[in-house]
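# Structure at a glance
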Amino acid sequence: MARVEGKTVIVSGGASGIGAASCRLLVREGAKVVVADRDAARGDALAAELGDRAAFMALDVVDEASWIKVVGDTVVRFGGLHGLVNGAGVGVATDVETSSLGDFRHVYRVNGLGVFLGCKHAVLAMKGNAAPGSIVNISSVLGLRGMGRSPAYSASKGAVRLLSKNVALHCGQRGYPIRCNSVHPGWIDTPMIAPRLEMTVENMTGRQWLEGLHPIGRLGTAEEIANLILFLISDESSFSTGAEFVADGGVTA
């Protein structure tokens with residue numbers, strides 16, 4: 001039997017990178033998936049590739065009305081909601097001295113507020129389910145350790161880690177059949193970090209410098225993180241909630 005047969009899952013940021021890899025894997029393992037993203041062209045193309053078990057829905061993660069519509073339309077189209085992957089995220093490569101207030105607010109709104117709104121409306125939709133539900137929030141290795149750059153990204157990803165614990169406790173204490181965990185990738189070879197790979201850092205390309213941060217000696221792939229997300233959405237992880245799941249090539253070691 002497929003590992004997530006009968007489940008319906010919304011994936012924010014589902015049109016590219018880790019989100020797209022997760023959509024493909026979840027559908028392959030039996031789920032119905034909503035590719036939720038601002039990028040309609042990529043989202044429509046991915047949903048068409050995945051067939052009748054997938055649908056694209058436009059989502060602006062910082063707009064609560066947009067979340068309400070996507071969650072409601074998902075329940076109408078597929079008959080329920082059983083999982084959410086909060087995968088949408090942005091970053092700005094600055095430091096605490098050069099980061100503008102506007103940049104900080106933008107990154108924090110998408111990475112922090114967007115995850116909060118997703119959690120809120122997923123819980124409201126799933127709390128009355130008889131079947132178990134799962135929320136997976138994509139944080140980062142920078143939600144666990146410091147770095148001298150990207151203050152807004154680091155702060156927002158640290159917030160995702162503790163918000164995930166809060167949601168897990170809230171659901172557990174109220175008897176809701178909903179688990180919530182955070183995933184902490186290292187640097188993953190996706191379009192989000194592509195501009196950094198060609199930069200020069202300490203006489204190396206950005207790719208060489210980032211690879212050197214990982215004891216495993218390379219960047220991760222979107223498919224490797226999708227495998228972890230699949231485990232957390234599935235009932236195989238039924239005793240895991242409020243926890244951090246790290247896939248970072250050894251960075252935090």
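To be clear, the structure that these remarks concern was listed above.
The notes below deal with the structure included here. All chains use their own residue numbering, which begins from 1 and follows the written sequence. In keeping with the model being predicted, local features are shown solely for residues with a pLDDT of at least 70 and side-chain atom pairs are shown and tallied solely at 80 or more, while totals for entire chains, interfaces and linings include all residues. The side-chain values count all of the structure's non-hydrogen atoms but skip hydrogen atoms and water molecules.

### Thoughts on the sheet that holds strand E4 (residues 83-86)
Strand order in this open sheet of 7 strands is E3-E2-E1-E4-E5-E6-E9, and the pairing throughout is parallel. The two strands at the open ends of the sheet, each matched to only one other strand, are strand E3 (54-58) and strand E9 (244-247). Sheet twist, expressed as the mean angle between neighbouring strand axes with direction ignored, is 20°. A pair of strands is labelled paired if DSSP reports no fewer than 2 bridges between them. Secondary structure is summarised from DSSP: a helix means a run of H or I of at least four residues, a strand means a run of E of at least two, and numbering begins at the N terminus for each. Bridge count between strand E1 (residues 8-12) and E4: 4 bridges; the pairing is parallel. The residue of E4 that forms the bridge with Val 11 is Val 85. Axes, fitted as lines to C-alpha atoms, cover a helix only where it is in contact. Angles between the N-to-C directions of the axes lie from 0 to 180 degrees.

### As for the nonpolar core
Residue types Ala, Val, Leu, Ile, Met, Phe, Trp, Tyr and Cys, when buried and joined through side-chain atoms within 4.5 Å, form a set referred to as a nonpolar core. Think of it in three bands: residues with accessible area under 20% of the maximum for their type are buried, residues over 50% are exposed, and the middle band is partly exposed, with areas taken using a 1.4 Å probe on protein chains only. Membership of the largest hydrophobic core comes to 32 residues, with the highest contact counts inside it found for Leu 26, Val 33, Ile 229 and Ile 233. Elements supplying a minimum of two residues to this core: E1, helix H1 (17-28), strand E2 (32-37), helix H2 (40-50), E3, strand E5 (133-138) and helix H8 (222-233). Take this core: its biggest share by element is 8 residues, from H8. The contact criterion used is simple: two residues touch if any of their non-hydrogen atoms lie within 4.5 Å. In this view, Leu 26 contacts Val 4, Val 9, Val 11, Ala 31, Val 33, Leu 230 and Ile 233; residues no more than four positions away in its chain are not counted.

### Some points on the side chain of Ser 139
Looking at where Ser 139 falls in the secondary structure, it is placed in the loop between E5 and helix H5 (151-173). Polar side-chain contacts of Ser 139 include one of 3.4 Å to the side chain of His 184. Among all residues touching Ser 139, those that are not within four sequence positions of it are Lys 157, Val 160, Arg 161, Ser 182, Val 183, His 184 and Pro 185. Here a polar contact is recorded for every N or O atom pair within 3.5 Å, except that within protein the pair must consist of a potential hydrogen donor and a potential acceptor, and residues adjacent in sequence are included only if both atoms are side-chain atoms.

### A word on the layout of surface pockets
Points on a 1 Å grid, built from protein atoms alone, make a cavity when a 1.4 Å probe fits but cannot get out and make a pocket when they are open with protein on both sides within 12 Å along at least 5 of 7 lines; residues with an atom within 4 Å of a point are the lining residues. Grid points are joined across faces, edges and corners, and a volume is the space filled by probe spheres set on the points. Its volume calculated, the largest pocket comes out at about 1,000 Å³. For the largest pocket, the lining is made up of 46 residues, of which Ala 88, Gly 89, Val 90, Gly 91 and Met 192 are closest to its centre. Elements supplying a minimum of two residues to the lining of the largest pocket: H1, E2, helix H4 (101-126), H5 and helix H6 (194-197). Taken together, the residues that form the lining of the largest pocket break down as 24 nonpolar, 14 polar and 8 charged. Quantified by volume, the second largest pocket comes out at close to 170 Å³. What lines the second largest pocket is simply Ala 93, Met 147, Arg 149, Arg 196, Met 199, Val 201, Gly 206, Trp 209 and Leu 210. With 3 residues, helix H7 (residues 206-212) is the largest single contributor of residues to the lining of the second largest pocket. Its residues placed into classes, the lining of the second largest pocket shows 6 nonpolar, 1 polar and 2 charged. Residues are sorted three ways: Asp, Glu, Lys and Arg are charged, Ala, Val, Leu, Ile, Met, Phe, Trp, Tyr, Cys and Pro are nonpolar, and all the rest, Gly among them, are polar.

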